[in-house]
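# Overview (structure and organization)
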Amino acid sequence: MASSSASPASPASPASAVSARLPEFPWDRLEPYKAAAAAHGDGIVDLSVGTPVDPVPELIRQALADAADSPGYPTVWGTAALRDAVTDWCERRLGAAGLAHRNVLPLVGSKEFVAWLPTQLGLGPGDRVAYPRLAYPTYEVGARLARAEPVVYDDPTELDPRGLRLLWLNSPSNPTGRVLDAALLARTVAWAREHGVLLVADECYLELGWETEPVSVLRPDVCGGSYEGVVAVHSLSKRSNLAGYRAAFAVGDEAVLGELLHIRKHGGMMVPAPVQAASVAALGDDAHVARQRERYAARRAALRTALEGRGFRIEHSEASLYLWATRDEPCWDTVGDLSKLGVLVAPGDFYGEAGEQFVRVAFTATDERVAAAVRRLES
């Protein structure tokens, strides 16, 4: 009997089965434009990713170095000093009241938390996860990893609450820089509680308000003096230049955070001990945050003036590290046009179809690179 030369089909690996649930990684689509911008004679000015470029403050680096001899395993709940630093900071900077250690969960990065929260909450098929129509892509990714249904909204209180298990708020917004006021936040908290929906507020840009003062859901006039059904997520990446440290924390409902703590005791996700020590130093010092804000404010003003002079309209952008800009044309046309100047920006459709005529312009480049971008935009 003749043997067949055909090879049996290779079954999909478990990993590929999971990745098939996810959208295309948006930044891969930007590579040709990045190459075009890099060909500029004076080099690329990359304003597409909001990654810190300024030095880690010395007191934070020193705290990290002093804790470098940490041979033992850290605990998932972190040190008492870290939990104290978090509660003190939340009361001092956010106006939160009555926080205890049980209201705190240290995190290995806020993006990691966003991506894996639906899975760790036990969400799955038949459950729904809602997030803003223009939003950080990882909210959708987290829903899809858990096999839950992603749902977008314009007004969260107009959502159908049936099957809705997790509601993401993001103020200040990435990408738009929009800030939700206290009255809207309070109304949303009340609606979520009425319908038994967990509300998680991504507040990672909260200390970076420019034209208004962002408000936390932890403030008593927003949450009604109770953290039931409410969690806020914060990061040290932006305000302290610690993106490389993966230092973040969640604060709020003790029942929710206690469940996540129990899961993580089994599954890991322990913040390294030196990073915990560095976080204590970062949270205890406001001076370095004020200095960093001054740097960003100057870069923001220079880029905004240059963009408006080139015919752009800036919408929202009252907070965060981005300018949400448009010339009322397809976003990829704008990306292509600016790449010819050696300036790389993020297309708005990375964040949802509603952004298809906008670009997100980060002001996290160095002073020298921002000045170069301004010269090119004004030419």
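Refer to the structure above for everything that follows.
Below you will find a few notes about this structure. (Residues numbered from 1 in each chain as written. Predicted model: local features only at pLDDT ≥ 70, side-chain atom pairs only at ≥ 80, totals over all residues. Heavy atoms only, no water.)

## Overview of the packing of helix α5 (residues 110-120) against helix α9 (residues 254-267)
The description of two helices packed together rests on the angle between their axes and the distance between the axes. For clarity, the threshold we go by: To obtain each axis, a line is fitted to C-alpha atoms, and for helices this fit is confined to the stretch in contact; angles are then taken between N-to-C directions over 0 to 180 degrees. Working definition: helices are DSSP H or I runs of at least four residues, strands are E runs of at least two. Numbering for both runs from the N terminus. Roughly parallel refers to an angle under 35 degrees, roughly antiparallel to one over 145, roughly perpendicular to one between 65 and 115, and oblique to any angle outside these ranges. Two residues form a contact once any of their heavy atoms are found within 4.5 Å. Nonpolar residues are Ala, Val, Leu, Ile, Met, Phe, Trp, Tyr, Cys and Pro. Charged residues are Asp, Glu, Lys and Arg, and all others, Gly as well, are polar.
Two elements in contact, α5 and α9, have axes separated by 11 Å at closest approach and are oriented at 95°. Viewed along their axes, α5 and α9 adopt a mutual orientation that is roughly perpendicular. Contacts between α5 and α9 involve Phe113, Leu117 and Gln120 from the former and Leu260, Ile263 and Arg264 from the latter. Grouping the amino acids of the contact of α5 with α9 by side-chain chemistry returns four nonpolar, one polar and one charged.

## Quick notes on the pattern of salt bridges
Side chains that carry opposite charge are capable of pairing whenever their charged atoms lie near each other. Counted only if it meets this: One side-chain nitrogen of Lys or Arg within 4 Å of one carboxyl oxygen of Asp or Glu is enough to make a salt bridge.
With the rule as written, the count across this model stands at 27 salt bridges. Among the ionic pairs, Asp42 bridges to Arg376, the shortest N-O distance being 3.1 Å. Taken together, the positions of Asp42 in the loop between α2 (31-38) and β1 (45-46) and Arg376 in helix α13 (residues 367-378) put the pair 334 residues apart, joining distant regions of the chain. Overlapping salt bridges bring together Asp42, Glu368, Arg369, Arg375 and Arg376 as one network.

## Thoughts on the nonpolar core
As a rule of thumb, soluble globular proteins bury nonpolar side chains together. So the rule is basically this: Working definition of a nonpolar core: buried Ala, Val, Leu, Ile, Met, Phe, Trp, Tyr and Cys residues. They are joined through side-chain atoms within 4.5 Å. Throughout this description, buried means an accessible area under 20% of the type-specific maximum (1.4 Å probe, protein chains only), exposed means over 50%, and partly exposed covers the range between.
Grouped together as the largest cluster of nonpolar side chains are 48 residues, with contacts concentrated most on Cys90, Leu167, Val217 and Leu218. Those residues in contact with Val217 that sit more than four places away from it in its chain are Leu169, Leu185, Leu199, Ala201, Glu203, Val222, Cys223, Val230, Val231 and Ala232.

## What about helix α4 (residues 80-94)?
Selection rule: Here the expected length of a helix is defined as 1.5 Å per residue gap, with one fewer gap than residues.
With 15 residues, α4 extends 20 Å from end C-alpha to end C-alpha; this agrees with the ideal 21 Å at 1.5 Å per step. Taken together, the buried positions of α4 are Leu82, Arg83, Ala85, Val86, Thr87, Trp89, Cys90 and Leu94. Those residues of α4 that are buried are in contact with β2 (104-108), β7 (230-235), β8 (247-252) and α10 (273-283).

## Section: the sheet that holds strand β9 (residues 313-315)
To keep it simple, the criterion reads: Any two strands are treated as partners once DSSP identifies two or more bridges connecting them.
Strand order in this open sheet of four strands is β9-β10-β13-β12, and the pairing throughout is antiparallel. Strands with a single pairing partner mark the edges of an open sheet, and in this sheet they are β9 and β12 (346-347). Two elements, β12 and strand β13 (residues 359-362), share two bridges in a ladder whose sense is antiparallel. Each residue of the ladder has a partner; that of Pro347, found in β13, is Val359. Packed onto the sheet, helix α11 (residues 287-309) meets β9, β10 (322-326) and β13 and runs at close to 5° relative to β10.

## Some words on the packing of aromatic side chains
Note the cut-off: When two rings of Phe, Tyr or Trp (its six-membered ring) have centres within 6.5 Å they constitute a pair, described as stacked for plane angles under 30 degrees, edge-to-face for angles over 60, and tilted for the intermediate range.
What the rule picks out here adds up to 13 aromatic pairs. For the ring pair Trp89 and Phe249, a centre distance of 5.8 Å and an interplane angle of 80° mean the geometry is edge-to-face. Note that Trp89 is positioned in helix α4 and Phe249 in strand β8, a separation of 160 residues in sequence. Three or more aromatic residues link up through ring pairs in this structure, and these residues are Trp27, Tyr33, Trp324, Trp332, Phe350, Tyr351 and Phe358.

## Remarks on α9
This is how the line gets drawn: For the purposes of these results, a polar contact is taken to be a pair of N or O atoms within 3.5 Å, where, inside protein, one atom must be able to donate a hydrogen and its partner to accept one; residues adjacent in sequence count only when each atom of the pair is a side-chain atom.
Taking 1.5 Å per residue, 14 residues should reach 20 Å; α9 reaches 19 Å between its end C-alpha atoms and fits that length. Residues of α9 that are buried make contact with β2, α5, β6 (198-202), β7 and β8. For α9, the N-terminal cap is Asp253; the gap from its side-chain oxygen to the backbone nitrogen of Ala255 is 2.8 Å. In the segment just after α9, Gly268 is the residue with positive phi, at about 95°.

## Some words on the sheet that holds β7
Judged by pairing direction, the sheet is mixed, and its seven strands sit side by side in the order β2-β8-β7-β6-β5-β3-β4 without closing on themselves. Either end of the sheet is taken by a strand with one partner, and the two such strands are β2 and β4 (149-153). On average, each strand axis in the sheet is tilted by 25° relative to the strand beside it, whichever way the strands run. Relative to the sheet, α5 contacts β2, β5 (164-170), β6, β7 and β8, its axis offset from that of β5 by approximately 160°. Contacts from helix α7 (residues 182-194) reach β5, β6 and β7 within the one sheet, and its direction differs from that of β5 by about 170°.

## Digging into the pairing of β6
Stated precisely, the cut-off is as follows: Crossovers are described as right-handed under a simple rule: with the strands pointing away from the observer, the path leading from the first strand over the helix to the second runs clockwise.
For β6, the buried fraction is high: five of the five residues fall into the buried class. Sheet topology note: the β5/β6 ladder contains five bridges and is parallel. Residue pairing in the sheet places Asn170 in a bridge with Asp202 of β6. What joins β5 to β6 is α7, and the crossover it makes is right-handed. Pairing between β6 and β7: four bridges, direction parallel. Residue Val200 lies in a different strand from β7, and its bridge partner there is Val231.

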